[in-house]
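Below, each chain spelled out in residue letters.
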2 protein chains.
Amino acid sequence: MSVLIVGSTALDSIKTPRQQHPRLLGGSASYASVAASFFAPVKMVGVVGNDFPAAHLQLYKKHKIDLEGLQIVSGKTFHWSGEYELNMNNRRTLATELGVFESFTPHLPVSYQKSAFVLLANIAPGLQLHVLDQMRKPKFVVADTMDLWLNIALPDLLKLLKRVDGFVLNESEAQQLTQEQNLIRAAKKIHQLGPKYVIIKKGEHGAILSAKGKLFVAPAFPLEKVVDPTGAGDSFVGGMMGYLSTASGSIDSNLRRAIINGSVLASYCCEGFGLKALTRVTSAALNRRVKEYESVTRL
Amino acid sequence: MSVLIVGSTALDSIKTPRQQHPRLLGGSASYASVAASFFAPVKMVGVVGNDFPAAHLQLYKKHKIDLEGLQIVSGKTFHWSGEYELNMNNRRTLATELGVFESFTPHLPVSYQKSAFVLLANIAPGLQLHVLDQMRKPKFVVADTMDLWLNIALPDLLKLLKRVDGFVLNESEAQQLTQEQNLIRAAKKIHQLGPKYVIIKKGEHGAILSAKGKLFVAPAFPLEKVVDPTGAGDSFVGGMMGYLSTASGSIDSNLRRAIINGSVLASYCCEGFGLKALTRVTSAALNRRVKEYESVTRL
């Protein structure tokens, strides 16, 4: 089954302690879609300006991403620039230029509306809701978010949470949303806001799934070299949704393995600037690293 | 087989955002010995002053800890006081009064010298070396440490590392020792200093074992309530060594399971002030939580 993915499509200028690269292909929908494409056909919803390089469209196409829902409009593509600290965990945003995102309204092509799996990747919750409004009985809907929306669009986010099956957010966002330092207690509070499945991302420390009174604690794949963690969280959730959409059996029986596959794609993402390393992953490499993940975590 | 454990025996005054407790039984040897005692007979090496409450000796005895190597001398017991921040991870030392530790020289009773398993829990590396000098062909020696010794006793620590099988330290200590942010690369550098087995403790994020070119990544047991994390790292390594000393088979074949048992004992440790929760653990509870650990980490 195909996965519908809405999120940001951006140009990212990224600076790490060792390198800097301007205007790379980025955005939550880009990372999530490429990651999901290893498992399933992806239908992308987003917007870019007419400055968007054709090579980037080419990359989407290489991954067989359906671009019918990608609007190309007059104006500048969303541009984000950020800088990482020495530990590669903390980063600060240097500039955010919304460009064509400022007036973006997602319109779903008819062919998109029956997608069973919907990933509302990080984007304003109002837009996530607008996409959801256009869907016809999706089977499994997951939303991701970021701290910005907790600060400026909390009412929309809370409205959204009542309508999704799963919610993915990072550690500090979970703490901010629930005013709870302990992540297990934070997850419980998030369940009360709506989602049956709560996944808290902890970056290099992995992720926690809370579902139906049970926990799954998944470490991150241990990496010797982190080149650029931008998009790792988006790749994680994209990989997870891609895996889920094609696995046979119930969500519950596949979710742990989906999270591992997402973690492995996130690890590849960190090994290159922007989408560079992720886009080069082969099925063989992916399977090899999933096996390696199992061997470093198995008792 | 018995485990010989040397380390600090202390009175701890601990303050958390919610509570404070003065002069609790503490010290690396106390936590490690109680944790190890769930699996194996423990021979403790340490020193306390004549102000040391008899009730604390009683607690050691309840856990069948051999106290022949515990010196009781005239003077004050080592006293540490510290305060935790709201997140329960960061803490700062408020006071350290060495007391009888200032002039402590560990003397090993003859009955101790043939112990096969030796845990050099956190204490000055010079004292760890002095204990090691008195041992007769131990089978497996593991040392723990703390940032203080990296700062003031690095030459002794480096001498020690050439003589131990395993070395346990926490994330920031590994980074400080190797000048390497990435923990996998840090572990590789630590192997070059001597130890075949390197275990990096990451607190609430678990631990990483590096041995013979392979990694084992173990999350911490997820806790809903952390009352006091003091001694969790000592309980971890004590539990690990206790488990190893009684398991049949090779170190390599038991180490992963030993780490899980250590993690579970560390989790109990966090659930009460000082040794309160740890000392109440039953074998049944321990086994139950090990099974629960497996169920939250199993794919």
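Above this note sits the structure.
Just so it is clear, the model here is predicted, and its values are computed rather than measured.

Draft legend 1. Spotlight on the overall build of chain A. If you tally the helices and strands in chain A, you get eleven helices and 13 strands. Over its C-alpha atoms chain A spans a radius of gyration of 18 Å, differing by no more than 12% from the 19 Å that the globule rule assigns to 299 residues. Counting only C-alpha atoms and orienting by the principal axes, one finds that chain A spans roughly 50 × 45 × 40 Å. Counting every position in chain A, which comprises 299 residues, the buried fraction comes to 61%. A separation threshold of at least 6 residues defines the contact pool for chain A, and within that pool the share at least 24 residues apart is 63%. When the accessible area of chain A is evaluated, it comes to approximately 12300 Å², of which 51% is carbon and sulfur surface. One finds the centroid of the 34 positive side-chain charges in chain A at a distance of 7 Å from the centroid of its 24 negative side-chain charges.

Draft legend 2. Examining the packing of aromatic side chains more closely. Residues and elements named next belong to chain A. All told, the structure shown has twelve aromatic pairs over all chains when counted by the stated rule. Between Phe-52 and Tyr-60, the ring centres sit 6.2 Å apart and the planes meet at 20°, which makes this aromatic pair stacked. For Tyr-60, a relative accessible area of 0% puts it in the buried group. Among the aromatic side chains, those forming a connected cluster through ring pairs are Phe-78, Phe-101 and Phe-104. Sitting above the plane of the Tyr-268 ring, Arg-289 keeps its charged end 3.9 Å from the centroid.

Draft legend 3. How the structure looks around the packing of helix H6 (residues 171–178) of chain A against helix H7 (residues 183–192) of chain A. All names here are of chain A. Close contact between H6 and H7 brings their axes to 9 Å; oriented N to C, the two are set at 60°. As summarised for this structure, H6 and H7 are arranged oblique, according to the angle between their axes. Between H6 and H7 the crossing geometry is left-handed. In contact with Glu-171, Ala-174, Gln-175, Leu-177 and Thr-178 of H6, H7 contributes Leu-183, Ala-186, Lys-189 and Ile-190. Its residues assigned to classes, the contact of H6 with H7 shows five nonpolar, two polar and two charged.

Draft legend 4. Representation of the relation of the copies chain B and chain A. Overlay of chain B on chain A (RMSD 0.0 Å): rotation 180°, translation along the axis 0.0 Å. Both chain copies can therefore be described as sitting about a two-fold axis.

Draft legend 5. Quick look at the pairing of strand E6 (residues 78–84) of chain A. Residues and elements named next belong to chain A. E6 sits mainly inside the fold: six of its seven residues count as buried. Inspection of the sheet shows E6 paired to strand E7 (residues 91–97) by six bridges, in the antiparallel sense. When the sheet's bridge partners are listed, Gly-82 is paired in E7 with Thr-93. Hairpin geometry of E6 and E7 is characterised by an intervening segment of six residues between the two adjacent antiparallel strands and by a positive phi of about 65° at Met-88.

Thresholds applied
- Residues numbered from 1 in each chain as written.
- Chains lettered and ligands numbered in written order.
- Predicted model: local features only at pLDDT ≥ 70, side-chain atom pairs only at ≥ 80, totals over all residues.
- Heavy atoms only, no water.
- Helix = DSSP H or I, 4+ residues; strand = E, 2+ residues; numbered from the N terminus.
- Rg over C-alpha atoms; globule rule 2.2 N^0.38 Å.
- Buried < 20%, exposed > 50% of the residue type's maximum accessible area, 1.4 Å probe, protein only.
- Contact = heavy atoms within 4.5 Å.
- Areas by Shrake-Rupley, 256 points an atom, 1.4 Å probe, with all protein chains shown as cover.
- Lys, Arg positive; Asp, Glu negative; His and termini not counted.
- Charge placed at Lys NZ, Arg CZ, Asp CG, Glu CD.
- Phe/Tyr/Trp six-rings, centres within 6.5 Å; stacked < 30°, edge-to-face > 60°.
- Lys NZ or Arg CZ within 6 Å of the ring centre and 35° of its normal.
- Axes fitted to C-alpha atoms, helices over the stretch in contact; angles between N-to-C directions.
- Parallel < 35°, antiparallel > 145°, perpendicular 65-115°, else oblique.
- Left-handed = near helix turned anticlockwise from the far one by under 90°.
- Nonpolar A, V, L, I, M, F, W, Y, C, P; charged D, E, K, R; others polar.
- Least-squares fit on C-alpha atoms with pLDDT ≥ 70 in both.
- Pairing = 2+ DSSP bridges.

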